[in-house]
Amino acid sequence: MAEKFDHLEEHLEKFVENIRQLGIIVSDFQPSSQAGLNQKLNFIVTGLQDIDKCRQQLHDITVPLEVFEYIDQGRNPQLYTKECLERALARNEQVKGKIDTMKAFAGHETWNAPPPDPPRASFSAPVSSSRAVNDTDLRYFEVPLSVAAT
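Calculation rules
- Residues numbered from 1 in each chain as written.
- Predicted model: local features only at pLDDT ≥ 70, side-chain atom pairs only at ≥ 80, totals over all residues.
- Heavy atoms only, no water.
- Helix = DSSP H or I, 4+ residues; strand = E, 2+ residues; numbered from the N terminus.
- Contact = heavy atoms within 4.5 Å.
- Areas by Shrake-Rupley, 256 points an atom, 1.4 Å probe, with all protein chains shown as cover.
- Phe/Tyr/Trp six-rings, centres within 6.5 Å; stacked < 30°, edge-to-face > 60°.
- Lys NZ or Arg CZ within 6 Å of the ring centre and 35° of its normal.
- Expected span 1.5 Å × (residues − 1).
- Polar contact = N/O pair within 3.5 Å; in protein donor to acceptor, adjacent residues only side chain to side chain.
- Buried < 20%, exposed > 50% of the residue type's maximum accessible area, 1.4 Å probe, protein only.
- Patch = residues over 30% accessible without salt bridge, like charges linked within 9 Å, V, L, I, M, F, W, Y side chains within 5 Å.
- Salt bridge = Lys/Arg side-chain N within 4 Å of Asp/Glu carboxyl O.
- Axes fitted to C-alpha atoms, helices over the stretch in contact; angles between N-to-C directions.
- Parallel < 35°, antiparallel > 145°, perpendicular 65-115°, else oblique.
- Left-handed = near helix turned anticlockwise from the far one by under 90°.
- Nonpolar A, V, L, I, M, F, W, Y, C, P; charged D, E, K, R; others polar.

Undergrad: Please clarify how the overall build of the protein should be interpreted in this entry.
TA: Within the protein, the secondary structure is distributed over five helices and two strands. In sequence order, the secondary structure elements of the protein are arranged as α-α-α-α-β-β-α. Pairs at least 24 residues apart make up 36% of the contacts formed inside the protein by residues separated by at least 6 positions. As displayed, the protein has an accessible area near 12,400 Å², and 59% of this comes from carbon and sulfur atoms.

Shown next, in the form of structure tokens:
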């Protein structure tokens, strides 16, 4: 895998050097340097084709967008890796602390307590259905959800 990156790096360095030389030729262009300009343009086209071939070999590589943000901000992309590792280490320490706390409380009786009573629902039902129902006829009572559901 490393040789793929080395190969790409080599082509990119050649491409950058050709672009630099092209800039020099263009900035001081003379009609007599047309042949050199054409040659550099051909080298650039060939360089782009070589880079495209390298791209096809590296199609399975993904780069997080945050790395490009680091580069745009002028920061070293290796700082992204360092900060990701520091965040992972901090999170690992938090989780380890939670695990240690759970182990410390595992022997306490609070973990062995019986489950709480099931939740109860409150609703109203008429006491008598032989006459008209009014507010005084309604009585409120609680029924466990398991009974109310049946």
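Undergrad: What should I look at first to understand the packing of aromatic side chains in this one?
TA: Within a pair of aromatic rings, the relevant descriptors are the distance that separates the centres and the angle that separates the planes. All chains considered together, the criterion is met by one aromatic pair. A cation sits over an aromatic face here: Arg75 above Tyr70, 4.1 Å from the ring centre.

Undergrad: Please explain helix H4 (residues 77-105) as it appears in this structure.
TA: The periodicity of an α-helix, 3.6 residues per turn, causes residues three or four positions apart to be oriented the same way. The terminal C-alpha atoms of H4 lie 43 Å apart, and with 29 residues this matches the ideal 42 Å at 1.5 Å per residue to within 8%. The residue sitting at the N-terminus of H4 and contributing the capping side-chain oxygen is Asn76; that oxygen lies 2.9 Å from the backbone nitrogen of Gln78.

Undergrad: How should helix H1 (residues 2-27) be read in this particular structure?
TA: The terminal C-alpha atoms of H1, which comprises 26 residues, lie 37 Å apart, in line with the 38 Å expected from a rise of 1.5 Å per residue. Taken together, the buried positions of H1 are occupied by Leu8, His11, Phe15, Asn18 and Leu22. Tucked inside the fold, the buried residues of H1 contact helix H2 (34-57).

Undergrad: Explanation requested: a nonpolar patch on the surface in the structure shown.
TA: Residues Phe5, Ile61, Val63, Leu65, Phe68 and Ile71 make up a contiguous nonpolar surface patch of about 540 Å² in total accessible area. Among the elements that take part in the nonpolar patch, helix H3 (residues 65-72) stands out by supplying three residues, more than any other. Tracing the backbone shows Val63 in the loop between H2 and H3. Judged by relative accessible area, Val63 falls into the partly exposed class, the value being 42%.

Undergrad: What exactly am I supposed to notice about the side chain of Asn18 here?
TA: Turning to its location among the elements, Asn18 is positioned in helix H1. Side-chain polar atoms of Asn18 contact the side chain of Lys40, separated by 3.3 Å. Not counting the four nearest positions on each side in its chain, Asn18 is found in contact with Lys40, Phe43 and Ile44.

Undergrad: Looking at this structure, I do not really get the pattern of salt bridges. What am I missing?
TA: Here the idea is simple: oppositely charged side chains can pair when their charged atoms come close. Counted according to the given criterion, the structure contains five salt bridges. Arg20 serves as the salt-bridge partner of Glu17, at 2.5 Å between the closest nitrogen and oxygen. Taken as a pair, Glu17 and Arg20 lie in helix H1 at a separation of three residues, close to a single helical turn. Looking at Arg20, the relative accessible area reads 45%, which means it is partly exposed.

Undergrad: Just checking my understanding: could you explain the packing of H1 against H2 for this structure?
TA: A pair of packed helices is characterised by two quantities: the angle between their axes and the separation of those axes. In the contact formed by H1 and H2, the axes pass within 9 Å of each other and the chain directions differ by 160°. One element, H1, and the other, H2, form an angle in the roughly antiparallel class. For the pair H1 and H2, the sense of crossing is left-handed. Counted together, Lys4, His7, Leu8, His11, Leu12, Phe15, Asn18, Ile19, Gln21, Leu22, Ile25 and Val26 of H1 and Gly36, Leu37, Lys40, Leu41, Phe43, Ile44, Gly47, Leu48, Asp50, Ile51, Cys54 and Gln57 of H2 form the full contact between these two elements. Looking at the contact of H1 with H2, its residues break down into 14 nonpolar, seven polar and three charged.

So, to be careful, I would describe these as geometric facts and stop short of saying anything about function.
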